[in-house]
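The chain contents come next:
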Amino acid sequence: MDIKSNKQYHPQMHSAEHILNQTMVRMFGCGRSFSNHIEKKKSKCDYNFERALTEKEIEEININVNEVILQDLQVVEEFINREDAEEKFNLSKLPNDSGDKIRIMKIGDYDACPCSGLHVAYTKEIGRFNIYSTSFNDGVLRIRFKLFNE
Ligand SMILES: [Zn+2]
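The following refers to the structure shown. (Residues numbered from 1 in each chain as written. Predicted model: local features only at pLDDT ≥ 70, side-chain atom pairs only at ≥ 80, totals over all residues. Heavy atoms only, no water.)

Within the first shell, the zinc ion binds the protein through His14 (NE2), His18 (NE2), Cys115 (SG) and His119 (NE2), at distances of 1.9 to 2.2 Å. Coordination of the zinc ion draws on donor residues from a single chain, spaced H-x3-H-x96-C-x3-H in sequence. Judged by its relative accessible area of 16%, His119 is buried. (Donors = N, O, S within 2.8 Å, 3.2 Å for Na, K, Ca; no water. Buried < 20%, exposed > 50% of the residue type's maximum accessible area, 1.4 Å probe, protein only.)

The next point concerns the layout of surface pockets. A volume near 750 Å³ is recorded for the largest pocket. In this structure, the largest pocket is lined by 30 residues; those nearest its centre are Glu17, Asn36, Lys93, Pro114 and Cys115. Elements with a contribution of two residues or more to the lining of the largest pocket: helix H1 (11-28) and strand S5 (111-114). The leading source of residues in the lining of the largest pocket is H1, at five residues. The class makeup of the residues in the lining of the largest pocket is nine nonpolar, twelve polar and nine charged. (1 Å grid on protein atoms, 1.4 Å probe; cavity = no way out; pocket = protein on both sides within 12 Å on 5 of 7 lines; lining within 4 Å. Points joined across faces, edges and corners; volume = space filled by probe spheres on them. Helix = DSSP H or I, 4+ residues; strand = E, 2+ residues; numbered from the N terminus. Nonpolar A, V, L, I, M, F, W, Y, C, P; charged D, E, K, R; others polar.)

With that settled, consider the packing of H1 against helix H2 (residues 55-70). Relative placement of two packed helices is described by the angle separating their axes and the distance separating the axes. For the pair H1 and H2, the least separation of the axes is 10 Å and the interaxial angle reads 125°. The angle between H1 and H2 places the two elements in the oblique class. Seen along the crossing, H1 lies across H2 with a hand that is right-handed. The segment H1 lies against H2, with Ile19, Leu20, Thr23, Met24, Met27 and Phe28 engaging Glu57, Glu60, Ile61, Asn64, Val65, Val68 and Ile69. Looking at the contact of H1 with H2 residue by residue, the classes come out as nine nonpolar, two polar and two charged. (Axes fitted to C-alpha atoms, helices over the stretch in contact; angles between N-to-C directions. Parallel < 35°, antiparallel > 145°, perpendicular 65-115°, else oblique. Left-handed = near helix turned anticlockwise from the far one by under 90°. Contact = heavy atoms within 4.5 Å.)

Shown next, in the form of structure tokens:
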């Protein structure tokens, strides 16, 4: 399987995206982001959603994501058979040529998700997570976030 390794790719931001997705699933029962734009300075994730978030909810997401980061969970890869992966995960975002063994990225016991990207080894490497704005339009919730290293 190809592992993305271009210089534009940002493992901290991308690992934060995994944690944000799982946090959204747990808090709201929505799906993981269906579209995202991950960059070094700021990133955004889009979710199918029913409404805008309240300030309180945004604060709770920040708190929950940072709690996971501060647990310094280990990020590990695991390869499982495609059949098993299809039962547990949505593989639609993986390239078709990803083969019979599917790479699952696990963030401690918090999250597991098929992915071919680059990640941090431990969550504390991500830094502090902060949502700087959100918007809601036509059933799409957009969350924009930054990371800070203090
Ligand atoms: Zn990933």
